Amino acid sequence: MLPAVGCGAFILRDGCLLLIRRVRAPEAGCWGLPGGKVDPFETAADAAMREVREEVGVEPEAASLLCVVDQIDRAAGTHWVAPVYIVDAVQGEPRLCEPHKHDGLGWFALDALPEPLTLATQVAVQAFCTKAG
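Quick caveat: nothing in here was measured; it's all calculated off a predicted structure.

### Considerations on the packing of aromatic side chains
Inspection of every chain in the model, using the stated rule, returns two aromatic pairs. Between W31 and F108, the aromatic rings sit 5.1 Å apart at their centres with planes inclined by 70°, giving edge-to-face as the arrangement. Of this pair, W31 sits in strand β3 (residues 31-32) while F108 sits in strand β9 (residues 102-109); the two residues are 77 residues apart in sequence, bridging distant segments of the chain. By relative accessible area, W31 is classed as buried at 9%. For F108, a relative accessible area of 18% translates into the label buried.

This is the structure we're talking about:
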């Protein structure tokens, strides 16, 4: 089995991180970054920007690579490789656009994040704090 390719968007506004809560597996009930699967012939960066538009209805502006997450679950037989991009700014107000996939949305201070967090979000927050620190 080959690893699958995902992506995520780390969107900060006034020191708060935009998170959405997953309804479905994997990691159902966890708060995470907007993001998803990279489609064939799509760059990971383009996929992250598309996922932001689809999931939270805002238009992302420039993005740069924050980190790459390897999410390996041997018991489930899954392996995702997911680049996470820092999105510099977004136009519009986020809203839940896919209620069948997500049931919560909010801006959270980095020192007061909700629990539980997806693995990718945990890794991305650590990478961001290390780079900013």
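Further notes follow.
### Notes on the environment of A63
One can find A63 in strand β6 (residues 63-73). Through-space distance from the C-alpha of A63 to that of V84 is 9.6 Å; in sequence the pair is 21 residues apart. If near-sequence neighbours (up to four positions away) are discounted, A63 is found in contact with M49, Y85, I86, V87 and D88.

### What about the nonpolar core?
Generally speaking, nonpolar side chains in soluble globular proteins are found buried as a group. The biggest cluster of nonpolar side chains holds 18 residues, and the ones touching the most others in it are F10, L19, L66 and V84. Broken down by secondary-structure element, the contributors of at least two residues to this core are β2 (16-22), β6, β7 (78-87) and α2 (119-132). In terms of residue count, the dominant contributor to this core is α2 (five residues). With sequence-adjacent residues up to four places away left out, L66 is seen in contact with F10, V84, Y85, I86, A124, A127, F128 and K131.

### Quick notes on unusual backbone geometry
Glycine aside, residues mostly have negative phi angles, and peptide bonds mostly take the trans form. A cis amide bond, omega 0°, links A25 with the succeeding residue P26. Examined against the element boundaries, P26 turns out to sit in the loop between β2 and β3. Cis geometry marks the peptide bond from E115 to P116; its omega dihedral reads -10°. Its location among the elements puts P116 in the loop between β9 and α2. Residues other than glycine seldom take positive phi values, yet F41 does so here, at roughly 70°. The residue F41 is located in the loop between β4 (35-37) and α1 (44-56) in this model.

### Structural notes on α1
The terminal C-alpha atoms of α1 lie 18 Å apart, and with 13 residues this matches the ideal 18 Å at 1.5 Å per residue to within 8%. Of all the residues in α1, the buried ones are A44, A47, A48, M49, R50, E51, V52, E55 and V56. Just past α1, the residue G57 takes up positive phi, approximately 65°.

The rules behind these values
Residues numbered from 1 in each chain as written. Predicted model: local features only at pLDDT ≥ 70, side-chain atom pairs only at ≥ 80, totals over all residues. Heavy atoms only, no water. Phe/Tyr/Trp six-rings, centres within 6.5 Å; stacked < 30°, edge-to-face > 60°. Helix = DSSP H or I, 4+ residues; strand = E, 2+ residues; numbered from the N terminus. Buried < 20%, exposed > 50% of the residue type's maximum accessible area, 1.4 Å probe, protein only. Contact = heavy atoms within 4.5 Å. Core = buried A, V, L, I, M, F, W, Y, C linked by side-chain atoms within 4.5 Å. Expected span 1.5 Å × (residues − 1).

Purely geometric stuff here, so don't read any function into it on its own.
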